[in-house]
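Chain by chain, the residues run as shown.
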Amino acid sequence: MRYENKLFIDGLDAMVEYGVFVERNGYRQLIQQPVFKKIDQTEWPEFDGVEADVAAPMLDARQFQIQFCIKNVRWAEDLFLALSDGVYHEFDFKEVDIKVNLRLVSNGAFSSYIRLGKMTLTFADDFPSGLKGEPYELGESEVVQRGYTIDDIDFSQFGMYVLKGTDDSIRKAPNVRENLKITAKNMSGASYDSNGDVHWRAKDMTLKLFVRAADLEEFWERYGALYQVLMSPGLHTFNFSPIDVDYHFLQEQFGVEV
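Rules behind the numbers
Residues numbered from 1 in each chain as written. Predicted model: local features only at pLDDT ≥ 70, side-chain atom pairs only at ≥ 80, totals over all residues. Heavy atoms only, no water. Helix = DSSP H or I, 4+ residues; strand = E, 2+ residues; numbered from the N terminus. Buried < 20%, exposed > 50% of the residue type's maximum accessible area, 1.4 Å probe, protein only. Contact = heavy atoms within 4.5 Å. Areas by Shrake-Rupley, 256 points an atom, 1.4 Å probe, with all protein chains shown as cover. Phe/Tyr/Trp six-rings, centres within 6.5 Å; stacked < 30°, edge-to-face > 60°. Core = buried A, V, L, I, M, F, W, Y, C linked by side-chain atoms within 4.5 Å. Patch = residues over 30% accessible without salt bridge, like charges linked within 9 Å, V, L, I, M, F, W, Y side chains within 5 Å. Salt bridge = Lys/Arg side-chain N within 4 Å of Asp/Glu carboxyl O.

Asker: I tried to follow the overall build of the protein on my own but got confused; where do I start?
Answerer: A tally of regular secondary structure across the protein gives six helices and 18 strands. Looking at the protein as a whole, 33% of its 258 residues are labelled buried. Long-range contacts, defined as pairs at least 24 residues apart, comprise 67% of the intrachain contacts of the protein with a sequence gap of at least 6. On the protein, roughly 16,200 Å² of surface is accessible, and the fraction owed to carbon and sulfur atoms is 49%.

Listed below in structure tokens is the structure:
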């Protein structure tokens, strides 16, 4: 059957043993890289932004959902029995080439019709690695887009396109950090320190990326190469001066929503 040999749980084929398989697009949260643990930050009144301790960034544990289709509702009950036998279980997702030890957190949505059904399970990944595949040798790629760099590495060298919407996130101005302000019940309005300079708070930016890859192995190589840069200690420099951005080409060639 076409759903066999796709997912193995503790070495057993999930389709053969439990009659379940991952729903289409059900891997989205699984393949997302884990986030960093909260980084110590200091905000100085006389400077813009924050001073962050990025000498040794660490990945945080994460939780995510996976949507499953059920061929036989009765068999799926055996899956819960298996997942309750011990805390951690090895999941080998062959379709996306990910093998990871997960623990079941909760059973979310469940629906059934006679024998068929769907369910959404929440898992915890307590041992995030953040990397996949072998180190990727950067160089020229088939991606034709220039002007977005991190640590002087153009994103095209990772085989990645920067998608529409990223520019707006970059250009959005940060919020103003307020100077000393005093209010009291016996006075109208407020007394604000107008002699101080205007300083800006730190801001977040969202980069929307499309990884162009011929196969799964190349996808993980390119995805992992970027993450290796992000995981390296210290601050990283992002430069933005885009040229040759053809979003219509991306939409036409790859069906990317831009």
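Asker: What should I look at first to understand the packing of aromatic side chains in this one?
Answerer: Two numbers describe a pair of aromatic rings. These are the distance of the centres and the angle of the planes. Considering all chains together, one arrives at 12 aromatic pairs under this definition. Residues Y3 and F21 carry aromatic rings whose centres are separated by 3.8 Å and whose planes lie at 15° to one another, so their mutual orientation is stacked. With a gap of 18 residues between them, Y3 in the segment before β1 (7-9) and F21 in strand β3 (residues 20-22) connect regions that are remote in the sequence. When its relative accessible area of 15% is taken as the criterion, F21 is described as buried. Geometrically, the ring pair formed by Y148 and F240 is tilted, given 5.7 Å between the ring centres and 40° between the ring planes. Pair noted here: Y148 is in strand β10 (residues 146-150) and F240 is in strand β18 (residues 238-243), with a separation of 92 residues, a long-range link. In this structure F240 comes out as partly exposed when scored by relative accessible area, which is 25%. Taken together through their ring pairs, the aromatic side chains of Y27, F91, F93 and F123 make up a single cluster.

Asker: What should I look at first to understand the nonpolar core in this one?
Answerer: Side chains that are nonpolar tend, in soluble globular proteins, to be buried together. In terms of nonpolar packing, the biggest core is built from 27 residues, with L7, V20, F68, F91, F93 and F123 touching the most fellow members. Setting aside chain neighbours within four positions, we find F123 in contact with R62, Q63, F64, I66, F68, L83, F91, L102, R103, L104 and V105. Membership of the second largest hydrophobic core comes to 12 residues, among which are Y148, I170, L226 and V229.

Asker: Looking at this structure, how should I read a nonpolar patch on the surface?
Answerer: On the surface, V87, Y88 and F127 cluster together into a nonpolar patch covering about 310 Å² of accessible area. Mapped onto the elements, F127 comes out in the loop between β9 (116-125) and β10.

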